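Letter by letter, the chains look like this.
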Amino acid sequence: MMEWYPLIFEPIYKEKIWGGSKLNELKSIDPAISNLGESWEISDVDNTISIVKNGVLAGTSIKELLGRHGSELLGKPVFERFGSRFPLLIKYIDTAQDLSIQLHPDDQLAQNKHDSFGKTEMWYIMDASPEAQLTLGFKEASDEFAFAKAITSNQLPNLLNKHHVTPGESFVIKPGFVHAIGAGITLAEIQQSSDITYRVHDYGREDAHGNQRELHVQEAIAAADYSKASDYQLHYDEDQYDRQQLVKTIYFKTDILRFKEACLIELSTGSSFTILMNVGASCELVHAGKTYGFEFAQTYLIPAAVEDISVVPHGEGKLLVVSV
């Protein structure tokens, strides 16, 4: 059996028309990347495959690991369900401008139209400017006719619910839910392994070549959830030092662990891998007598075969703990 250890992957950086500059600072990128919008931390999306950065497996792709050691990496139940496909896509996102207003298909629609997973996702707000806001669903229940009319008349934002955000808040975005991340936000995103988005409003923006980005109006009309926005914010005690559940879906479970002393991290050994995202102060992971530095906005994948991990904080420790 492979002697597994905490895996960190080479980040895959994505320039976006709305991208900012903070990820350059957080990831110590030199020279800086203009309009850097996303850092894909763990990806098995076609043509965007993560490569191990540390240890004896450095240089190995996640695709290769899944092919050779799928059950040990994923956990037997996850491997039986997903085979040699990693089920999640893990990102950090930073915005200098508003993202397009968009929504995502569910599993059935995504499978039928795109041969892909659908997209359920969640956000954890790491940083936000005082005026930063999210677009989260309809203010009032709507229908496909009102939705189509608002899109064609350029009035869609008037139908939608706005939410001013502060660091520490967390949200779940279900398929069909109309949404957008606003300017001035840095967040962690956990989602099904899918890169399918139906864009319905992009503020008339043009790229460097003077072209507007494609809209997906008919697809979005068919996929939208027209109910009044509710139950999108995830609630927990932000002052409590312990592990609390943020969300549990059929695709992933995410907890938040807040700590100021060294502690063990409970793993789902044998049944699921665990992903750790650092959304607090720098710390160290300890496994099999070795230590692994863990900075803000870094991510580790703990294979399902690993039995114990402890964490030592250097300040106010805060981790997102993700499993399936």
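Right above here is the structure, for reference.
Structural notes, computed from the coordinates.

### Description of the sheet that holds strand β1 (residues 12–20)
Move 1: Overall, antiparallel pairing links the seven strands, which are arranged β1-β2-β5-β12-β7-β10-β14 in an open sheet. Each having just a single partner strand, β1 and β14 (233–234) make up the two edges of the open sheet.
Move 2: Bridge count between strand β10 (residues 170–173) and β14: two bridges; the pairing is antiparallel. From the neighbouring strand, Ser 170 faces β14, where its bridge partner is Leu 234.

### Topic: the nonpolar core
Move 1: Ranked by size, the top nonpolar core spans 60 residues in total, and within it Leu 7, Phe 86, Ile 265, Ile 275, Leu 285, Leu 301 and Leu 320 carry the most contacts.
Move 2: With sequence-adjacent residues up to four places away left out, Phe 86 is seen in contact with Ile 42, Asp 44, Ile 62, Leu 66, Leu 74, Ser 193, Phe 273, Ile 275 and Leu 301.
Move 3: Of all hydrophobic cores here, the second largest spans 20 residues; its members include Ile 101, Ala 110, Leu 156 and Ile 221.

### Points about the packing of aromatic side chains
Any pair of aromatic rings gets described here by the distance separating the centres and the angle formed by the planes.
Move 1: Under the definition given, this model contains nine aromatic pairs.
Move 2: With centroids separated by 5.8 Å and ring planes inclined at 80°, the aromatic side chains of Phe 82 and Phe 117 adopt a geometry described as edge-to-face. Residue Phe 82 is located in helix α3 (residues 76–82), and its partner Phe 117 is located in the loop between α4 (107–114) and β7 (121–128); the two are separated by 35 residues in the primary sequence. You'll find Phe 82 and Phe 117 in the same group, each marked buried.

Here is what the cut-offs are and how they apply
Residues numbered from 1 in each chain as written. Predicted model: local features only at pLDDT ≥ 70, side-chain atom pairs only at ≥ 80, totals over all residues. Heavy atoms only, no water. Pairing = 2+ DSSP bridges. Helix = DSSP H or I, 4+ residues; strand = E, 2+ residues; numbered from the N terminus. Core = buried A, V, L, I, M, F, W, Y, C linked by side-chain atoms within 4.5 Å. Buried < 20%, exposed > 50% of the residue type's maximum accessible area, 1.4 Å probe, protein only. Contact = heavy atoms within 4.5 Å. Phe/Tyr/Trp six-rings, centres within 6.5 Å; stacked < 30°, edge-to-face > 60°.

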